[in-house]
Amino acid sequence: MASRSGTRMVRGVISKKKPDIEQAAALQRAGQNAYKVGDLQGAIESFTQAWVANNEDTSILDNRAATYCKLKQYSQARADARAMVKLAPNDDRGYLRLAKILCLDGNFDKARDIYEYALQKLPTDHPGRKAIEQLLRRLQDKLAGGNRRDPFMVLPLEIAELTLQRLPFKQIVAMLRVCKGWNRFLSGLASLWMHLDLTGARLRVPWTSVRNYIHRSRAQLTNATITNIPPSTMTKVLDMLSRCPQLEHLEVAVPHDQPKQFYSKIQDFRHLKSIVCGADIRLSHASVGGILSTLSKLERAAFLHVWDHSNRGPQTWPQHLPNMKSLTIASSQENNQFLSFRDVLPGLGLSVYPNLEELRLVWDPARSQSYRFDPVKEEEQLPPLRILDLRGAAVQHNFYSILPTSLETLRLFSGSIEASHLGGNLLTPGENELPNLKTLVFNDTPWVNRSTLSLFLLHSKAPLRTLHVNLCHNIKSEELLNVLNDSNGANPELKELTDVGVACMAGMDDTSVKSLWVTLPNLKILDLSQTRITGCTIRMFADTWTEGPATAKLEGLIIKGCDDVSRDAIDYGRQMGLKIVT
């Protein structure tokens, strides 16, 4: 084919010595418009004419190469891209276009070579190097098989199983839908289906899903947390779970309209070691006693809605529970009569619960006299409790002296003390030094005053790390500071307190907080909610973050309901690194 006068052919690319920039630009725009409307052949013709008019603008070749790619004419596209590289070796567009064409044509190895060649030719400060480096890494991963190989086929079975066991149940279910191979692989790993947890479900879960889960576990389910299912299917779900001989933990938080039927079903779970019946499941006091008697292997039990406390209940309770380690009894029942402890929990002696470590008796809302806490007779001792949580308890004068030496955490919410007035020695000191007590929490406890608080802080040798005296209106900030600084009965462990709460304490202002900070040099978290502090307190704590590492620093500050603290002070504290909860 003869070439036109005054032109020459370079590997299929028409070259012209004198460029006509304006004509070339008009023809290039015409080609781009034709490409947009799908007239690819017309676009090729326009780009070719544009290149004839201006053989110095490599963007014209770039447009024509892209059009050839659209037509899957890769040889012509490669010719244009190579011409771009030859004419402008310092322009990254030529390398990018050529490598992309090679990838489209399946020549991944050659595309990798082009990226590597581009990195050799382009200057080190070229702005296009970063994009080429990223594309090279992706292509190298692709050639190595990293993005195309099934991880479950590559990893050893033990490693894949350990990895999957760290994923939440919701993600495992989503992975079942990826492909049939993953579905078969995941369904075949019975170990993944040992713990059924429906707490993350956004919609109601049909009972058939529970059945399928049990089927995947081959009926070897060990843990089940049942919630977010239709209440009408609860009986059917319990029936299916009762056929899993390895089930050890059961938590149910679904409203149940037939407590007697629920109680009869629960008795079929003879191998349970842990059970939690949520606040939506109303169980009579007698039913709770029957469950504890029937399920003799229980180590942990929580019943969050117990009702019908009466003197008839204790007769159904077991006399010996050697395996029980944690027990929670909760109720919201309003009682006209003052309940004795034996109406709530018949006996708490060491002979009944020799291994009990955690006890929680919770009334919601907690009142001053929800029940009387007189757990043991004079000749009896409490079990080796580590955690004691009482809400709404009316304690006796010997409460402090009967606490076990093993106690590590004591929480008291509301309640009262059987005494004629607040003040003086309300509690009998005894010889108890609470050598293991690390957490002491009083919340809205009216009998806490300077005398009773001194008993826990000074008479004892408790190695406290957490102390909360929140909403306790019979003790003021000055009295608390006097107790903490008492030189006569000082407990040296008090200086090691790291978490302190004084919410709504009378007299707690900027000056008192500063004294508290000096008294407790190791303080890390401080709750000053509903106190009269100002932004000066926040600045005091925040400024320590600018000092050296040897300076003690408060890490967290809770200031809910502190109306005198400005937003600017809060923003300043957070900028300095102080975590502030408002």
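This structure is a prediction, so every number in the text was calculated from the model and none was measured.

Caption draft 1: Geometry of the overall build of the protein. What the protein contains, in helices and strands, is 22 helices and 22 strands. Its C-alpha atoms give the protein a radius of gyration of 38 Å, more than 25% over the compact-globule value 25 Å for 582 residues. Counting only C-alpha atoms and orienting by the principal axes, one finds that the protein spans roughly 120 × 65 × 40 Å. Counting over 582 residues, the protein shows a buried share of 46%. Contacts in the protein between residues far apart in sequence, at least 24 positions, make up 70% of those at least 6 positions apart. Counting every atom, the protein has about 29,800 Å² of accessible surface; 48% of that belongs to carbon and sulfur. Charged side chains of the protein number 71 positive and 60 negative; the gap between the two group centres comes to 12 Å.

Caption draft 2: Representation of the domain arrangement of the protein in the model. By domain assignment, the protein separates into domain 1 (21-144), domain 2 (155-192) and domain 3 (194-309). The gap between the C-alpha centroids of domain 1 and domain 2 is 43 Å.

Caption draft 3: The arrangement of helix α12 (residues 207-216) in detail. Buried within α12 are the following residues: V210, Y213 and I214. All buried residues of α12 lie within an arc of 95° about the axis, which places them on one face of the element. For α12, the secondary structure elements touched by its buried residues are α10 (169-175), β3 (195-197) and α13 (234-241).

Caption draft 4: Expanded view of the sheet that holds strand β14 (residues 393-395). Across the sheet, which stays open at both edges, the three strands sit in the order β12-β14-β16 with parallel pairing between neighbours. Edge positions in the sheet fall to β12 (371-373) and β16 (416-417), since each has one partner strand and no second. Sheet topology places β12 next to β14; three bridges connect them, and they run parallel. Each bridged residue has a counterpart across the sheet, and for R372 the counterpart in β14 is A394.

Caption draft 5: Representation of the pattern of salt bridges. Going through the model one piece at a time under the given rule, you end up with 16 salt bridges. A salt bridge links D80 to R64; the shortest N-O distance between them is 2.8 Å. Of the two residues, D80 sits in helix α4 (residues 74-87) while R64 sits in helix α3 (residues 58-70), which places them 16 residues apart along the sequence. Residue classification places R64 among the buried positions, given a relative accessible area of 4%. Note that D113 is salt-bridged to R112, the shortest N-O span being 3.8 Å. Judged by relative accessible area, D113 falls into the partly exposed class, the value being 38%. Here the residues in one salt-bridge network are R300, E357, E358, R360, R386 and E408, joined through shared partners.

Calculation criteria
Along every chain, residues carry numbers that run from 1 in the direction the sequence is written. In keeping with the predicted nature of the model, local features appear solely for residues at pLDDT of at least 70, side-chain atom pairs appear and are counted solely at 80 or more, and the whole-chain, interface and lining totals rest on all residues. Derived side-chain values reflect all non-hydrogen atoms in the structure, with water molecules and hydrogen atoms excluded from consideration. Think of it this way: any DSSP run of H or I at least four residues long counts as a helix, any run of E at least two long counts as a strand, and we number them from the N terminus. When we talk radius of gyration, it's over C-alpha atoms, and the globule rule is simply 2.2 Å times the number of residues to the 0.38. The buried label applies to any residue whose accessible area, calculated with a 1.4 Å probe on protein chains only, is under 20% of its type's maximum; exposed applies above 50%, and partly exposed to all values in between. Any two residues whose heavy atoms approach within 4.5 Å at even a single point are treated as in contact. Accessible surface is estimated by sampling points in the Shrake-Rupley manner with a 1.4 Å probe; for residues, cover comes only from the protein chains shown. In this tally Asp and Glu are treated as negative and Lys and Arg as positive; neither His nor the chain ends contributes. Each charge is placed at NZ for Lys, CZ for Arg, CG for Asp and CD for Glu. Each domain's limits were defined by an automated method or a database of domain assignments. Our arc is simply the arc of the directions from the helix axis toward the C-beta atoms. If DSSP finds at least two bridges between two strands, the strands pair. Salt bridge criterion: a side-chain nitrogen from Lys or Arg within 4 Å of a carboxyl oxygen from Asp or Glu.

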